[in-house]
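Below are the chains, spelled out letter by letter.
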Amino acid sequence: MEELLSRVIKIKEILDSVTVGFGNIKRCPVGIYKDGKLYTNLGVYELNEIENINEYSIVNAEALYQDDVINAGLFIKNMTENHFYRCKDVRLPNDLLALDYPNVYLNYDYLSYERKLLLKGISTNDCYLKMSFFRMFLNVRDLRKQMIGKEFSMLEYQLETIEGLSQYIMYRFLVGYDKKYHKFIKNIIKDSLTEINSLFSFRYRNIYSGIMILLMFEDLGVNIEELYDSNDTLYQYAVKHLNFIKEPIPLKSDKALLSKLNEYNENVSEK
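On a predicted model such as this, the values are computed, not experimentally measured, just so you know.

Rules behind the numbers
- Residues numbered from 1 in each chain as written.
- Predicted model: local features only at pLDDT ≥ 70, side-chain atom pairs only at ≥ 80, totals over all residues.
- Heavy atoms only, no water.
- Helix = DSSP H or I, 4+ residues; strand = E, 2+ residues; numbered from the N terminus.
- Rg over C-alpha atoms; globule rule 2.2 N^0.38 Å.
- Buried < 20%, exposed > 50% of the residue type's maximum accessible area, 1.4 Å probe, protein only.
- Contact = heavy atoms within 4.5 Å.
- Areas by Shrake-Rupley, 256 points an atom, 1.4 Å probe, with all protein chains shown as cover.
- Lys, Arg positive; Asp, Glu negative; His and termini not counted.
- Charge placed at Lys NZ, Arg CZ, Asp CG, Glu CD.
- Axes fitted to C-alpha atoms, helices over the stretch in contact; angles between N-to-C directions.
- Parallel < 35°, antiparallel > 145°, perpendicular 65-115°, else oblique.
- Left-handed = near helix turned anticlockwise from the far one by under 90°.
- Nonpolar A, V, L, I, M, F, W, Y, C, P; charged D, E, K, R; others polar.
- Pairing = 2+ DSSP bridges.
- Disulfide = S-S within 2.5 Å.
- Phe/Tyr/Trp six-rings, centres within 6.5 Å; stacked < 30°, edge-to-face > 60°.
- Lys NZ or Arg CZ within 6 Å of the ring centre and 35° of its normal.

Student: I keep staring at the overall build of the protein and nothing clicks. Help me out?
Tutor: Per the secondary structure count, the protein includes 10 helices and 4 strands. What you see for the protein is a C-alpha radius of gyration of 20 Å, in line with the 18 Å of a compact globule of 271 residues. For the protein, the spread of C-alpha atoms along the principal axes amounts to about 60 × 50 × 35 Å. Here the protein holds 271 residues, and 51% of them are scored as buried. Pairs at least 24 residues apart make up 75% of the contacts formed inside the protein by residues separated by at least 6 positions. Summed over its atoms, the accessible surface of the protein is roughly 14100 Å², and 50% of this surface lies on carbon and sulfur atoms. Between the averaged position of the 34 positive side-chain charges in the protein and that of its 38 negative side-chain charges there is a distance of 5 Å.

What follows is the structure in structure tokens.
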């Protein structure tokens, strides 16, 4: 109990030391949740003892890192997500629709290619190459929309937008505190691309594409701040503001991916 109290006090001190914000996103009281109790800088409470609990930013104790600066970033991310839900942002995804997401191998194959193009884009310092990779990404995504349909494509755009904008504020907070955390975010992104099975989970595969797009936007000089009060998803915004020409996409099919998809489907059937 004392450990969590000490941590939440330390996290609040870190949050108070750095100013980061976009649009109408505001700081909230913070609390760590564990075993039915909320640990705050003012003490430990049962959930029903706290008035206006919906105004709190709450993170589960199991989700915490050893580094409390990163934990402060998690709270910043949570505050941003809470803002979108309080405002009933039109870009919030309906996760129930994802239950019917088409289980099509070729779509996953091109989806994997999308991620690789984004990773190449954020990994190069050459702006010409960066824009080239991004335009290729837009073409692949346009092709996938024809495979799975507008409804499921929009669902992807919405999730990556909400997650991406929330993670971007976390990223700006961390690098504002210490530039060494730039590497932390990049490593999370790279790690997410090495796990093939993550492509088959709707929520997980769309968690990191948004922050990748925003890091590309940042390097290309796009005004990211206006996206927080926009109705456009990241993809819609990109199509409107970055010129690209539809062209054929060269892709050598990933046989390992097909094998992994069959294995994944068998595991889901067993469960």
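Student: Explain the packing of helix 3 (residues 105-123) against helix 4 (residues 127-148) here, please?
Tutor: A pair of packed helices is characterised by two quantities: the angle between their axes and the separation of those axes. Across the interface, helix 3 lies against helix 4 with an axial gap of 9 Å and an inter-helix angle of 165°. Between helix 3 and helix 4, the angle falls in the class roughly antiparallel. Helix-helix and strand crossings are classified by hand; for helix 3 and helix 4 the assignment is left-handed. Residues Leu106, Asn107, Tyr110, Leu111, Tyr113, Glu114, Arg115, Leu117, Leu118, Lys120, Gly121 and Ile122 of helix 3 pack against Lys130, Phe133, Phe134, Met136, Phe137, Val140, Arg141, Leu143, Arg144, Met147 and Ile148 of helix 4. Classifying every residue of the contact of helix 3 with helix 4 by side-chain character gives 15 nonpolar, 2 polar and 6 charged.

Student: Looking at this structure, I do not really get the pairing of strand 3 (residues 43-46). What am I missing?
Tutor: Taken together, the 4 bridges between strand 2 (residues 37-40) and strand 3 define a ladder with antiparallel strand orientation. When the sheet's bridge partners are listed, Lys37 is paired in strand 3 with Glu46. The antiparallel hairpin formed by strand 2 and strand 3 contains 2 residues in its connecting segment.

Student: I keep staring at the state of the cysteines and nothing clicks. Help me out?
Tutor: A covalent bond bridging the sulfur atoms of two cysteines is what the word disulfide describes. Under the definition given, this model contains 0 disulfides. Considering cysteine sulfurs only, Cys87 is the nearest to Cys28, which forms no disulfide, with 11 Å between them. Take Cys28: its relative accessible area is 14%, and that puts it in the buried class.

Student: Would you take a moment to explain the packing of helix 3 against helix 10 (residues 255-270) for this structure?
Tutor: Relative to each other, helix 3 and helix 10 sit at 125°, their axes nearing to 10 Å. In this view, helix 3 runs oblique relative to helix 10, as classed from their interaxial angle. The two elements helix 3 and helix 10 meet at a crossing, and its hand is right-handed. Taking contact as the criterion, the partners of Tyr105, Tyr108, Asp109 and Ser112 in helix 3 are, on helix 10, Lys255, Leu257, Leu258 and Leu261. When grouped by side-chain class, the residues that make up the contact of helix 3 with helix 10 number 5 nonpolar, 1 polar and 2 charged.

Student: Even after reading the chapter, I still don't get the packing of aromatic side chains, so can you show me in this structure?
Tutor: Geometrically, a pair of aromatic rings is defined through the distance of the ring centres and the angle of the planes. Taken as a whole, this structure holds 10 aromatic pairs when the rule is applied. Relative to Tyr228, the ring of Phe84 lies with its centre 6.4 Å away and its plane at 5°, an arrangement referred to as stacked. Of the two residues, Phe84 is situated in helix 2 (residues 68-86) and Tyr228 in the loop between helix 8 (209-219) and helix 9 (234-241); the sequence distance between them amounts to 144 residues. When sorted by exposure, Phe84 lands in the same class as Tyr228, which is buried. A connected cluster of aromatic rings, assembled from ring pairs, spans Phe134, Phe137, Phe217 and Tyr237. Here the guanidinium or amino end of Arg205 rests over the ring plane of Tyr101, the centre of that ring lying 4.1 Å away.

Student: Please explain the sheet that holds strand 4 (residues 57-60) as it appears in this structure.
Tutor: Two pairing modes exist for strands in a sheet, parallel and antiparallel, and in both the strands are linked by backbone hydrogen bonds. Within the open sheet, the 4 strands sit side by side as 3-2-1-4. Their pairing is mixed. Edge positions in the sheet fall to strand 3 and strand 4, since each has one partner strand and no second. In this sheet, adjacent strand axes meet at a mean angle of 30° when their direction is disregarded. Judged from the 3 bridges that link them, strand 1 (residues 30-34) and strand 2 form a sheet pairing that is antiparallel. By the bridge assignment, Tyr33 is partnered in strand 2 with Leu38. Against the sheet, helix 1 (residues 2-17) engages strand 1, strand 2 and strand 3, with an angle of about 150° to strand 1. Strands in contact with helix 2 are strand 1 and strand 4; relative to strand 4, the strand with the most contacts, it is inclined by about 125°.

All we've got here are geometric facts, nothing functional implied.
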